[in-house]
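# Observations on the model geometry
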Amino acid sequence: MTTPEHKASTDPYAHLHDESFASGFDAPSATAETMVFMGGRTVQPLDGNWGFVLDPFEEGLRQRWFDYDARPLSEWDMPRDYDFSPDWRAMPVPACWNTVEPELFHYEGAVWYWRDIDIAPPADGERVILRVGAANYLARAFLNGQLLGMHKGGSTPFFVDLTPALGADRNRLLIEVDSTRRLEQVPMSHFDWFNYGGLYREVSLIMVPATHIVDFGIGLDPATGRVRTDIALSKAVSGPAEVAIAGGPTLTLDVVKGRGQALVDWRPELWSPESPRLYDVAVRFGDDRVSDRVGFRAFAREGTRLLLNGAPVYFKGICVHEDDAERGKATSEADIRRRFADVKALGANAVRLAHYPHHEKVAEIADELGILLWEEIPVYWAIDFANPETYADAANQLSELIRRDRNRASVVIWGVGNENADSNARLSFMSRLAELARALDPTRLTAAACLINRTEFRVEDRLAEHLDIIGLNEYFGWYEKDFADFEKLLDNSFPDRPVVISETGADAVAGCHGPDTELFTEERQALLMGMQMDTIGARDYIAGVFPWILYDFRSLRRQTSVQRGWNRKGLIAEDKSTRKRAFEVLAERYAGIAHD
Ligand code: GCU
């Protein structure tokens, strides 16, 4: 990626009159195609305090802050509008700036993170690569004044090769992060969760040989039930790659021009919620070594049923956002494990990770615990469906998610959207995403939270024929006043593939008690949960349910005196410990559902 040339000018005010300042800085170069396989790699963490400069008017690009040297203020010979003094302003990484500094709670816009990094000079041909776990929404990485990578998408990892700009003695790394909401982005400017900003997942460096493993896949081949494995290298070279499965075979892949794959005749012990068997896998090509811990299972549909390893499976699910009262969208292993402990206490076997890719640790821990996952990209509500750049952004986020998590046995569904009004542009956009998911990963099913056909009052969506599973978000008894209409809808629907209730619920303020006819009481939420479960359970074309939602979560759209900036449909309050009555109602219903 080249850094746009500085428009030389003797006029020190030239930048005030140049509104084309961002041109040349907006072509994403960090995409799914520049990802590196991370399993088992040694990383140099860059977590901790970084320098931090607020940039609400994008002065950083206008005045090219990345170009300037870092002389201390006492040595300046010209005034400037930014400052890399170490004692000026700092921001911890990973974190959301909104929850670190009260004055930044509502800030949406650009900021600059910076730090000097110690990098051992790479050995012959080695590459020094920056990995950012996630930055919301877009990010630009500069090393020693050179733009080396730009990424769009607020919830997927990206990689930037820093090698071309490495300095002999000092390396100053700047990362601009811009959380501005825009119509053409994915999600666009209107959504029902909090727009946290920052480098909110881990940032690290990895050193890799010139030829290194950029992608590695292993799992059960749905057609043959045999183990299939594939590998991709950073260069189009040929040679043997070794894949050693602990407790299983060691196989050699014949890599030709950077690509290799193999099927192996071996019957592993299958992974399932009841028996989440994982195998350690070591992979080697030349000087590069990676590893992974994987489960082998088959997930398919047959008519309106879902099959896990050939047996019917029913989603006793729950939805979760990546949201925390103290840490916002930043998460921790402890937070993830608490979430799954609550899922297990509910008697659930599946979680819908709404509405964007969650931290990679979530699927790793779900593999260990035997919990099924629906993962999705934030193609949410009124996306700019006619915009090719918007499609490229969505397709890249989907590709990055699949590249990151395709070895996770717990992930069984790729979701390509949520509650998107029907139109020809939407149909084209989302059917292409579903085809892309299938092309990248034929071992999983595709879904979307569809809307219903209001005219015929039927579970019906033109998109459904492009999906394996019809997700249905429905709030009868809450947004839809007359609950009896739910029975009418289900009686009048004849789907030819599994329907999953991908959302249903109601707001309740924890501790607010009253008649079950009164909105926002725990009694109302509990009554509706029971009615929903009794109605849903009686339909054999419904293959599961993901009630909305495990915990209350922040959403500035919610400004009543009872919600106060929070969506209160959680079965547990935002303290992640106070359970509402509906939690017990759902747990009872799940305990009563025999089949898994
Ligand atoms: C919608 C949407 C959710 C939203 C929920 C609600 O179905 O998919 O993101 O939070 O309804 O209104 O609470």
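For clarity, every value in this text was computed on a predicted model and none was experimentally measured.

Let's shift gears to the overall build of the chain. Helix and strand content of the chain: nine helices and 32 strands. At 25 Å, the chain has a C-alpha radius of gyration in line with the 25 Å of a compact globule built from 596 residues. Buried positions account for 58% of the 596 residues belonging to the chain. Counting only contacts in the chain whose residues sit at least 6 apart along the sequence, the fraction spanning at least 24 positions is 72%. Within the chain, one finds 66 positive and 92 negative side-chain charges whose respective centroids are separated by 3 Å.

Turning next to the pairing of strand E7 (residues 138-143). Within a regular beta strand, the side chains point alternately toward one face of the sheet and then the other, so they alternate between its two faces. Burial analysis of E7 places six of its six residues in the buried class, the great majority of the element. Going residue by residue along E7, you find Leu138, Arg140 and Phe142 tucked away on one face and Ala139, Ala141 and Leu143 tucked away on the opposite face as well. Pairing geometry for E7 and strand E8 (residues 146-152), over six bridges, is antiparallel. Residue alanine 139 lies in a different strand from E8, and its bridge partner there is histidine 151. Joining the antiparallel neighbours E7 and E8 is a turn of two residues, in which asparagine 144 adopts a positive phi near 50 degrees. Bridge count between E7 and strand E10 (residues 172-178): six bridges; the pairing is antiparallel. Counted as the bridge partner of phenylalanine 142 is leucine 174 from E10.

Taken together, 14 residues lie around the ligand, and Asp192, Glu419, Tyr479, Glu503 and Lys569 are the ones closest in. A distance of 2.8 Å separates an oxygen atom of the ligand from a polar atom in the side chain of asparagine 418. Residue tryptophan 548 places a side-chain N or O atom 3.3 Å away from an oxygen atom belonging to the ligand. Within the complex, 96% of the 320 Å² of free accessible area of the ligand lies under protein. Along the lines of polarity and charge, the residues of the shell around the ligand split into five nonpolar, four polar and five charged.

Moving on, we come to the side chain of aspartate 288. Structurally, aspartate 288 can be placed in strand E19 (residues 288-294). Polar side-chain contacts of aspartate 288 include one of 2.8 Å to the side chain of arginine 41. Ignoring any residue separated from it by four or fewer positions in sequence, one finds aspartate 288 in contact with Arg41, Pro209, Thr211, His212, Ile213 and Val283.

The domain architecture assigned to the chain consists of domain 1 (4-208), domain 2 (223-297) and domain 3 (300-591). With 36 residues of domain 1 at the contact, the number on the domain 3 side is 41 residues. Interface of domain 1 and domain 3: buried area, both sides summed, is about 3,200 Å²; carbon and sulfur atoms make up 56% of it. In terms of surface lost to domain 3, no three residues of domain 1 exceed Val186, Asp192 and Trp193, which account for 23% of the buried area on that side. Applying the counting rule to domain 1 against domain 3 returns four salt bridges. For arginine 131, the salt bridge is made with glutamate 360, and the minimal N-O distance between the two is 3.2 Å. Looking at the side of domain 1 that touches domain 3 residue by residue, the class counts come to 19 nonpolar, 10 polar and seven charged.

For the structure on display, the rule yields 59 salt bridges. Note that arginine 404 and aspartate 405 form a salt bridge whose closest N and O atoms lie 2.8 Å from each other. Grouping residues by exposure puts arginine 404 and aspartate 405 together as buried. In this structure, arginine 579 engages glutamate 584 in a salt bridge whose closest nitrogen and oxygen atoms are separated by 3.9 Å. When its relative accessible area of 38% is taken as the criterion, arginine 579 is described as partly exposed.

Time to look at the packing of helix H8 (residues 522-536) against helix H9 (residues 581-591). A pair of packed helices is captured by two measures, namely the crossing angle of their axes and the spacing between those axes. It is at 8 Å that the axes of H8 and H9 come closest, and there the two elements cross at 20 degrees. As far as their axial angle goes, H9 and H8 are roughly parallel. H8 and H9 meet at a crossing whose hand is right-handed. From H8, Glu522, Glu523, Gln525, Ala526, Met529, Gly530, Met533 and Asp534 reach across to H9, where they touch Arg581, Ala582, Val585, Leu586, Arg589 and Tyr590. A class-by-class count of the residues in the contact of H8 with H9 yields seven nonpolar, two polar and five charged.

Glancing now at the packing of aromatic side chains. Across all of its chains, the model carries 34 aromatic pairs by this definition. Ring centres of phenylalanine 66 and tryptophan 112 lie 6.4 Å apart, and the angle between their planes is 15 degrees; on these two criteria the pair is classed as stacked. Note that phenylalanine 66 is positioned in the loop between helix H1 (59-62) and strand E3 (90-93) and tryptophan 112 in strand E4 (residues 110-116), a separation of 46 residues in sequence. Neither phenylalanine 66 nor tryptophan 112 differs from the other in exposure class; each is buried. Ring geometry for phenylalanine 385 and phenylalanine 429: centres 5.0 Å apart, planes at 75 degrees, overall edge-to-face. Residue phenylalanine 385 is found in the loop between strand E25 (372-376) and helix H5 (388-405), and its partner phenylalanine 429 is found in helix H6 (residues 424-440); the two are separated by 44 residues along the sequence. For the pair formed by phenylalanine 385 and phenylalanine 429, the shared burial category is buried. Each member of the aromatic cluster is reached from another via a ring pair, and the members are Phe25, Trp65, Phe66, Tyr82, Phe84, Trp112, Trp114 and Phe142. Its end group placed over the ring of tryptophan 374, arginine 352 keeps NZ or CZ at 5.0 Å from the ring centre.

What follows concerns the sheet that holds strand E1 (residues 44-45). Adjacent strands of a sheet pair through backbone hydrogen bonds, lying either parallel or antiparallel. As summarised here, the arrangement of the four strands in space is E1-E12-E5-E9, forming an open sheet in which the pairing is antiparallel. Every interior strand has two partners, whereas the edge strands, E1 and strand E9 (158-161), have only one. With two bridges joining them, E1 and strand E12 (residues 203-208) adopt antiparallel strand pairing. Residue pairing in the sheet places glutamine 44 in a bridge with leucine 205 of E12.

Moving on, we get to the nonpolar core. Counting 108 residues, the largest nonpolar core has Phe315, Phe340, Leu346, Leu373, Val379 and Leu433 as its most contacted members. Counting 31 residues, the second-largest nonpolar core is a separate cluster that includes Val93, Val132, Ala135 and Leu173.

What counts and what doesn't
Residues numbered from 1 in each chain as written. Predicted model: local features only at pLDDT ≥ 70, side-chain atom pairs only at ≥ 80, totals over all residues. Heavy atoms only, no water. Helix = DSSP H or I, 4+ residues; strand = E, 2+ residues; numbered from the N terminus. Rg over C-alpha atoms; globule rule 2.2 N^0.38 Å. Buried < 20%, exposed > 50% of the residue type's maximum accessible area, 1.4 Å probe, protein only. Contact = heavy atoms within 4.5 Å. Lys, Arg positive; Asp, Glu negative; His and termini not counted. Charge placed at Lys NZ, Arg CZ, Asp CG, Glu CD. Pairing = 2+ DSSP bridges. Near = heavy atom within 4 Å. Polar contact = N/O pair within 3.5 Å; in protein donor to acceptor, adjacent residues only side chain to side chain. Areas by Shrake-Rupley, 256 points an atom, 1.4 Å probe, with all protein chains shown as cover. Nonpolar A, V, L, I, M, F, W, Y, C, P; charged D, E, K, R; others polar. Domains from an automatic or database assignment. Buried area = accessible area lost by both parts, 1.4 Å probe. Salt bridge = Lys/Arg side-chain N within 4 Å of Asp/Glu carboxyl O. Axes fitted to C-alpha atoms, helices over the stretch in contact; angles between N-to-C directions. Parallel < 35°, antiparallel > 145°, perpendicular 65-115°, else oblique. Left-handed = near helix turned anticlockwise from the far one by under 90°. Phe/Tyr/Trp six-rings, centres within 6.5 Å; stacked < 30°, edge-to-face > 60°. Lys NZ or Arg CZ within 6 Å of the ring centre and 35° of its normal. Core = buried A, V, L, I, M, F, W, Y, C linked by side-chain atoms within 4.5 Å.

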